[in-house]
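For reference, the chains in residue letters:
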Amino acid sequence: MQIERYETGKRMSQAVIYGGFVFLAGQVAIDAPGASVHEQTTNILARITRLLESVGSNPTRIVSTTIWLADISSFEEMNTVWDAWVPAGHAPARATVEARLAGPEFAVEIGIIAAVGN
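Residues numbered from 1 in each chain as written. Predicted model: local features only at pLDDT ≥ 70, side-chain atom pairs only at ≥ 80, totals over all residues. Heavy atoms only, no water.

### Things to note about the overall build of the protein chain
Here's step 1: In terms of helices and strands, the protein chain carries two helices and six strands.
Here's step 2: Shown N-terminal to C-terminal, the secondary structure of the protein chain runs as helices and strands in the order β-β-β-α-β-α-β-β.
Here's step 3: Projected onto its principal axes, the C-alpha coordinates of the protein chain cover approximately 40 × 35 × 20 Å.
Here's step 4: Long-range pairs, those at least 24 residues apart, make up 68% of the contacts in the protein chain with a sequence separation of at least 6.
Here's step 5: Accessible surface, the protein chain: about 6,400 Å² in total, of which carbon and sulfur atoms supply 54%.
Here's step 6: Here the protein chain contributes 8 positive and 12 negative side-chain charges, whose respective centroids are spaced 11 Å apart. (Helix = DSSP H or I, 4+ residues; strand = E, 2+ residues; numbered from the N terminus. Contact = heavy atoms within 4.5 Å. Areas by Shrake-Rupley, 256 points an atom, 1.4 Å probe, with all protein chains shown as cover. Lys, Arg positive; Asp, Glu negative; His and termini not counted. Charge placed at Lys NZ, Arg CZ, Asp CG, Glu CD.)

### Looking at the pattern of salt bridges
Here's step 1: Under the defined criterion, the tally for this structure stands at one salt bridge.
Here's step 2: The salt bridge involving Arg 50 is made with Glu 7; its shortest N-O contact spans 2.8 Å. Linking Arg 50 in helix H1 (residues 37–54) with Glu 7 in strand S1 (residues 4–8), this pair joins segments that are 43 residues apart in sequence.
Here's step 3: What makes Arg 50 partly exposed here is its relative accessible area of 38%. (Salt bridge = Lys/Arg side-chain N within 4 Å of Asp/Glu carboxyl O. Buried < 20%, exposed > 50% of the residue type's maximum accessible area, 1.4 Å probe, protein only.)

### Quick look at a nonpolar patch on the surface
Here's step 1: On the surface, a nonpolar cluster with roughly 600 Å² of combined accessible area is contributed by Met 1, Ile 3, Tyr 18, Phe 21, Phe 23 and Val 63.
Here's step 2: Within the fold, Met 1 resides in the segment before S1.
Here's step 3: Under the relative-accessibility criterion, Met 1 is labelled exposed at 77%. (Patch = residues over 30% accessible without salt bridge, like charges linked within 9 Å, V, L, I, M, F, W, Y side chains within 5 Å.)

### Description of the sheet that holds strand S5 (residues 93–98)
Here's step 1: Read across the sheet, six strands follow the order S1-S2-S3-S6-S4-S5 without closing on themselves; strand pairing throughout is mixed. Edge positions in the open sheet fall to S1 and S5, since each of these has one partner strand only. Direction aside, neighbouring strands of the sheet carry axes that sit 10 degrees apart on average.
Here's step 2: The sheet contact formed by strand S3 (residues 21–24) and strand S6 (residues 108–115) spans three bridges and is antiparallel. Within S6, the position partnered with Val 22 by the bridge is Ala 114. (Pairing = 2+ DSSP bridges. Axes fitted to C-alpha atoms, helices over the stretch in contact; angles between N-to-C directions.)

### Considerations on the nonpolar core
Here's step 1: Core analysis: the biggest nonpolar cluster contains 26 residues, and Val 22, Leu 24, Ile 48, Leu 52, Val 108, Ile 110 and Ile 112 have the highest contact counts within it.
Here's step 2: With six residues, H1 is the largest single contributor of residues to this core.
Here's step 3: Not counting the four nearest positions on each side in its chain, Leu 24 is found in contact with Gln 14, Ala 15, Ile 48, Leu 51, Leu 52, Gly 111 and Ile 112. (Core = buried A, V, L, I, M, F, W, Y, C linked by side-chain atoms within 4.5 Å.)

### Structural notes on the pairing of S6
Here's step 1: Counted residue by residue, S6 has seven buried out of eight residues, so it is predominantly covered.
Here's step 2: Sheet topology note: the strand S4 (residues 62–69)/S6 ladder contains seven bridges and is antiparallel. Paired with Thr 65 across the two strands is Ile 112, which belongs to S6.

### Some thoughts on the packing of H1 against helix H2 (residues 75–85)
Here's step 1: As a packed pair, H1 and H2 sit with axes 8 Å apart at the nearest point and diverge in direction by 35 degrees. As for the relative orientation of H1 and H2, their crossing is right-handed in sense. For the pair formed by H1 and H2, the contact residues are Val 37, His 38, Thr 41, Thr 42, Leu 45, Ile 48 and Thr 49 on the first element and Glu 77, Met 78, Val 81, Trp 82 and Trp 85 on the second.
Here's step 2: Split by residue class, the contact of H1 with H2 holds seven nonpolar, four polar and one charged. (Left-handed = near helix turned anticlockwise from the far one by under 90°. Nonpolar A, V, L, I, M, F, W, Y, C, P; charged D, E, K, R; others polar.)

Structure follows, in structure tokens:
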């Protein structure tokens, strides 16, 4: 099987397709660093939607999600945005953990695995 890489840089690709699945790099709020958890989550989910659509997938096709929070006390704030974004009946398997992120300006990071196709 062929491996396809998208938005590839020196360190990583933003999306990799293999075996009918797309694996997204962990997404942070590049366009909203230092913003609230609500704003960062909104920014990240827009980035994820764009990436999924660019490779022929969409949020209904997500099978697994990992969410990292710099402070687990922001769990409910993040979930307010997440719950409004996930299509009804299409909630993926998900884990949410507290972790130190790449920089103090980031409060949320989200990784996605989704099936390719509609």
